[in-house]
Amino acid sequence: MTIEQLEKRLNSLADRTLRYEYIIQLGRRLPPMDPALRTEETQVRGCMSPAWLAGWLEEGEPPTLRFVGDSESIIVKGLFAILAEVYNGQPPDDALAVDLSDIFERLQLGEALSPNRRNGFYSMVEKIRRVAASLA
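Keep in mind that what you see is a predicted model, and the values were worked out from it rather than measured.

Draft legend 1. Molecular detail of the environment of Q108. Along the chain, the position of Q108 falls in the loop between α5 (100–106) and α6 (109–112). A sequence separation of 97 residues divides Q108 from N11, and the C-alpha atoms of the two residues are 6.9 Å apart. Leaving out residues up to four positions away in the same chain, Q108 has contacts with N11 and R19.

Draft legend 2. Here's a closer look at the pattern of salt bridges. One pass over the structure, following the stated rule, counts 6 salt bridges. For E40, the salt bridge identified is with R45, shortest N-O distance 2.2 Å. Residue E40 is classed as exposed on the basis of its relative accessible area of 57%. Each of E4, E7 and R106 takes part in a single network of salt bridges with overlapping partners.

Draft legend 3. Quick look at a negative patch on the surface. On the surface, D99, D102, E105 and E111 cluster together into a patch of negative charge. For D99, the location among the structural elements is in the loop between α4 (92–97) and α5.

Draft legend 4. Summary view of helix α1 (residues 3–11). Within α1 the residues assigned to the buried category are I3, L6 and L10. The buried residues of α1 all sit within an arc of 60 degrees when viewed along its axis, so they share a single face. In this structure, α1 carries E4 and K8 as exposed residues pointing more than 90 degrees from its buried face. Lining the buried residues of α1 we find α2 (16–29), α3 (74–87), α5 and α6.

Draft legend 5. Representation of the packing of α3 against helix α7 (residues 115–135). Interhelical geometry of α3 versus α7 gives an angle of 40 degrees and a closest axis separation of 10 Å. Taken together, the axis directions place α3 and α7 in an arrangement best described as oblique. Read as a crossing pair, α3 and α7 show a hand that is right-handed. Touching I75, V76, L79, F80, L83 and Y87 of α3 are R117, F121, M124, V125 and I128, all from α7.

Draft legend 6. A look at the side chain of D70. Take D70: it is sitting in strand β2 (residues 64–71). Side-chain polar atoms of D70 contact the side chain of R38, separated by 2.8 Å. Among the polar contacts listed, one links the side chain of D70 to the side chain of K77, at a separation of 3.4 Å. Not counting the four nearest positions on each side in its chain, D70 is found in contact with M33, R38, P50, A51, W52 and K77.

Draft legend 7. View of α2. Between its first and last C-alpha atoms α2 spans 20 Å; for 14 residues at 1.5 Å apiece the expected length is 20 Å, and the two agree. Restricting attention to buried positions, one finds in α2 the residues R19, Y20, Y22, I23, I24, L26 and G27. Close packing links the buried residues of α2 with α1, α3, α6 and α7. The opening residue of α2 is D15, an N-cap whose side-chain oxygen sits 3.0 Å from the backbone nitrogen of T17.

The rules behind these values
Residues numbered from 1 in each chain as written. Predicted model: local features only at pLDDT ≥ 70, side-chain atom pairs only at ≥ 80, totals over all residues. Heavy atoms only, no water. Helix = DSSP H or I, 4+ residues; strand = E, 2+ residues; numbered from the N terminus. Contact = heavy atoms within 4.5 Å. Salt bridge = Lys/Arg side-chain N within 4 Å of Asp/Glu carboxyl O. Buried < 20%, exposed > 50% of the residue type's maximum accessible area, 1.4 Å probe, protein only. Patch = residues over 30% accessible without salt bridge, like charges linked within 9 Å, V, L, I, M, F, W, Y side chains within 5 Å. Areas by Shrake-Rupley, 256 points an atom, 1.4 Å probe, with all protein chains shown as cover. Lys, Arg positive; Asp, Glu negative; His and termini not counted. Charge placed at Lys NZ, Arg CZ, Asp CG, Glu CD. Arc of directions from axis to C-beta. Axes fitted to C-alpha atoms, helices over the stretch in contact; angles between N-to-C directions. Parallel < 35°, antiparallel > 145°, perpendicular 65-115°, else oblique. Left-handed = near helix turned anticlockwise from the far one by under 90°. Polar contact = N/O pair within 3.5 Å; in protein donor to acceptor, adjacent residues only side chain to side chain. Expected span 1.5 Å × (residues − 1).

The structure is reproduced here in structure tokens:
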């Protein structure tokens, strides 16, 4: 699914509850994260619920980022699914150039998320950016 498709779908759901339900569906579709990747190093600080995020470079020309994530919260998993759509398949330098504030606004996530969930979302973004910078 592209960001444009996500934008169209989320923005068609005017009710906050429906938006949450859709984000939950996205989280349920994620493949499970290898339990061996649930480490202190991959834990996302700043999320209300325990969450993990790992990333690496996949071979190719150019090499691209691949992220996997998991959380005990299905909402957080759904938010990670959105971030995976944004960042997976990007070269590190392109990922670092992403204007996530613009995407956050386009998807109208500010209206769908509580302040605590918003902080967790941006904690995941910061973790992704640190991984991308270390791999650039």
